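An overview of the molecular structure
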Amino acid sequence: MSILILGGAGYIGSHTVRQLVLAGEETVVADNLITGHKQAISSGAKFYEGDIRDTVFLDEIFTKEKIDTVVHFAASSLVSESVSNPLKYYDNNLGGAISLVKAMAKHDIHSIVFSSTAATYGEPERIPILESDRTEPTNPYGETKLAMEKLFKWADKAYGMRYVSLRYFNAAGADESGDIGEDHNPESHLIPLILQVPNGKRKSISIFGTDYPTKDGTCIRDYIHVTDLADAHLKAVKYLRDGGASDIFNLGTGNGFSVRETIDIARQVTGREIAAIDEARRAGDPAVLVASGAKAKEILGWTPQRAALSEIIESAWKWHSTHPNGYEDE
């Protein structure tokens, strides 16, 4: 039986595909390549190009391939864009999930691992954040991801479609080989933006907000290595294959680093000067986002193996320094 990875040409999806292929799993990838990169897909995976909102496309895959589990990464994910264009996010994210559930029900497929997000929580009630905490997203991106989680909950009740929803925090880093990494356009994640400075792609990095109630006044985030995220998806697949019940898990290290700390560590890793400019706060940025990963450790047996931020940034720098233009350098 095969595992279908939707959005498997994207950043986290491609790293998960890499780990699945290395584990000897028969792996099928579907991606529309709007934001993904075909070069990122491991050679051991079978690839279909298309959009999951296309029911004929999904039907073709489920007819041709013997799929027992779906891992779903395919979604639009820019917070600012979701605010300015919410219809795009409801159409692509929630609309895609509806098409997917229909196709899975039609073809009698009952297991799905879903790539969710800490954005489902909105402003946190407490730190570290628990899975049982209030979910009140502050943007359409988070709202659509939460709506997708609820869709899977009701699909389980109606069709026996068991799911694992993985709410992760700040994905970062790159595969240790340096062959695949993070390539977004536009880029919105802090670590690759920082590394654009020593790469000569920008003159400085902006620090948005220096008056937060944190140790140095800048926002604190929980960074998790992308390979650790990929490993969590493999463990979630095994959990469902072993008969595990539907559930939701946070993925994080439980450790937070401020923006200033992250920039300082990047300076140490790269050995370069990285100019930073203090700017005003951005609307909607919580002061602290740190996850409790206790539930994932207890039930999935998952523990981050690359929790040191220096190690995460080292792997990212290995990719970015050798691919300053991303996959265009391939």
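Below, the structure is looked at part by part. (Residues numbered from 1 in each chain as written. Predicted model: local features only at pLDDT ≥ 70, side-chain atom pairs only at ≥ 80, totals over all residues. Heavy atoms only, no water.)

**Structural notes on the overall build of the chain**
As a reminder, the rule being used: The helix and strand labels rest on DSSP assignments: H or I over at least four residues marks a helix, E over at least two residues marks a strand, and numbering proceeds from the N terminus. Two things to know: the radius of gyration comes from C-alpha atoms, and the globule rule equals 2.2 Å times the number of residues to the power 0.38. Accessibility here uses a 1.4 Å probe with only protein chains present; expressed as a share of the type maximum, an area under 20% marks a residue as buried, one over 50% as exposed, and anything in between as partly exposed. In this description, contact between two residues means that some pair of their heavy atoms is separated by no more than 4.5 Å. Under the convention used here, a 1.4 Å probe and the Shrake-Rupley method define accessible areas, while residue burial counts only the protein chains that appear. Neither His nor the chain ends contribute to the count of charged residues, in which Lys and Arg are positive and Asp and Glu negative. Where a charge sits is defined by one atom per residue type, namely NZ (Lys), CZ (Arg), CG (Asp) or CD (Glu).
In terms of helices and strands, the chain carries 10 helices and 14 strands. Its C-alpha radius of gyration of 19 Å places the chain within 12% of the 20 Å reference for a compact globule of 330 residues. Counting only C-alpha atoms, the chain reaches 55 × 45 × 40 Å along its principal axes. Evaluated residue by residue, the chain yields a buried proportion of 54% over its 330 residues. Sequence separation of 24 or more characterises 76% of the internal contacts of the chain that already satisfy a separation of 6 or more. For the chain, the exposed area adds up to about 14200 Å²; of that, 48% sits on carbon and sulfur atoms. Side chains of the chain give 34 positive and 46 negative charges; the mean places of these two sets differ by 2 Å.

**Things to note about the packing of aromatic side chains**
What counts here: Stacked, edge-to-face and tilted are the three classes for Phe, Tyr and Trp ring pairs, Trp counted by its six-membered ring, which pair at centre distances within 6.5 Å; planes under 30 degrees apart are stacked, over 60 edge-to-face, the rest tilted. A ring is scored as having a charge over it whenever the NZ atom of a lysine or the CZ atom of an arginine sits within 6 Å of its centre and within 35 degrees of its normal.
In total, this model carries 4 aromatic pairs according to the counting rule given. The interplanar angle of 50° and the centroid separation of 4.9 Å between the aromatic rings of Trp319 and Tyr327 together place this pair among those described as tilted. For the residue pair Trp319 and Tyr327, the accessibility class agrees, reading buried in each case. Among the aromatic residues, those joined into a ring-pair cluster are Phe114, Phe152 and Tyr163. Above the face of the Tyr212 ring, Arg281 is positioned so that its terminal group lies 4.0 Å from the ring centre. In this structure, Lys295 is placed above the aromatic ring of Phe249, and the distance from its NZ or CZ to the ring centre is 5.2 Å.

**A closer look at the layout of surface pockets**
So the rule is basically this: A pocket, in this scheme, is an open set of points on a 1 Å grid over the protein atoms alone with protein on both sides within 12 Å along at least 5 of 7 lines, while a cavity is a set where a 1.4 Å probe fits but cannot get out; residues line either one if an atom lies within 4 Å of a point. Grid points are joined across faces, edges and corners, and a volume is the space filled by probe spheres set on the points. Note on residue classes: Ala, Val, Leu, Ile, Met, Phe, Trp, Tyr, Cys and Pro are nonpolar, Asp, Glu, Lys and Arg are charged, and everything else, Gly too, is polar.
The space that makes up the second largest pocket amounts to roughly 220 Å³. Forming the walls of the second largest pocket are Gln19, Leu22, Ala174, Asp175, Glu176, His225, Thr227, Arg306, Glu311, Glu314, Ser315 and Lys318. Broken down by secondary-structure element, the contributors of at least two residues to the lining of the second largest pocket are helix H1 (11-22) and helix H10 (309-322). The element best represented in the lining of the second largest pocket is H10, accounting for 4 residues. For the lining of the second largest pocket, a count of residues per class yields 2 nonpolar, 4 polar and 6 charged.

**Topic: the side chain of Glu65**
The following threshold applies: We define a polar contact as two N or O atoms separated by no more than 3.5 Å, with the added condition that, inside protein, one atom must be a possible hydrogen donor and the other a possible acceptor, whereas residues neighbouring each other in sequence contribute only through side-chain atom pairs.
Among the structural elements, Glu65 can be located in the loop between helix H2 (55-64) and strand E4 (67-72). Looking at Glu65, the relative accessible area reads 11%, which means it is buried. Polar side-chain contacts of Glu65 include one of 3.1 Å to the side chain of Lys46. What Glu65 contacts, discounting residues up to four positions off in sequence, is Val28, Lys46 and Tyr48.

**Focus on empty space enclosed by the protein**
Inspection of the entire model under this criterion finds 1 cavity of 30 Å³ or more. Space inside the largest cavity adds up to approximately 30 Å³. Taken together, Tyr121, Glu123, Pro124, Glu125, Arg126, Ile129, Asp133 and Arg134 make up the lining of the largest cavity. In the lining of the largest cavity, the residues fall into 3 nonpolar, no polar and 5 charged.

**Considerations on the packing of H1 against helix H7 (residues 226-241)**
Stated formally: To obtain an axis, a line is fitted to C-alpha atoms, over the contacting stretch when the element is a helix, and the angle between two such axes runs from 0 to 180 degrees between their N-to-C directions. Note on angle classes: values under 35 degrees are labelled roughly parallel, values over 145 roughly antiparallel, values of 65 to 115 roughly perpendicular, and the remainder oblique. Crossing chirality is assigned from the near helix's rotation relative to the far helix, an anticlockwise turn below a right angle marking it left-handed and a clockwise turn marking it right-handed.
Close contact between H1 and H7 brings their axes to 8 Å; oriented N to C, the two are set at 60°. Comparing their axes, H7 and H1 come out oblique. Relative to H7, the crossing made by H1 is right-handed. Of the residues in H7, those touching H1 at Tyr11, Ile12, His15, Thr16, Gln19 and Leu20 are Val226, Thr227, Leu229, Ala230, His233 and Leu234. Here the residues of the contact of H1 with H7 sort into 7 nonpolar, 5 polar and no charged.

**Brief notes about the sheet that holds strand E12 (residues 257-258)**
Here is the rule: Note on pairing: DSSP must find at least two bridges between two strands before they are called paired.
Across the sheet, which stays open at both edges, the 3 strands sit in the order E12-E9-E14 with mixed pairing between neighbours. Two strands close off the open sheet at either side, each with one partner strand: E12 and strand E14 (288-289). The sheet contact formed by strand E9 (residues 220-221) and E12 spans 2 bridges and is antiparallel. Of the residues in E12, the one forming a bridge with Ile220 is Ser258.

**With respect to helix H4 (residues 86-106)**
As a reminder, the rule being used: Multiplying one less than the number of residues by 1.5 Å gives the expected span of a helix. Bending is quantified residue by residue as the angle between axes fitted to the seven-residue window ending at that residue and the seven-residue window starting at it.
Taking 1.5 Å of rise per residue, 21 residues should cover 30 Å, and H4 covers 29 Å from first to last C-alpha, within 8% of that figure. At Gly95, H4 shows its maximal bend, which comes to roughly 25°. Those residues of H4 that sit buried are Tyr89, Asn92, Asn93, Leu94, Gly96, Ala97, Ser99, Leu100, Val101, Ala103 and Met104. Each element contacted by the buried residues of H4 is listed here: strand E1 (2-6), H2, E4, helix H3 (79-84), strand E5 (111-117) and helix H5 (140-159).

Distances and angles like these do not, on their own, reveal function.
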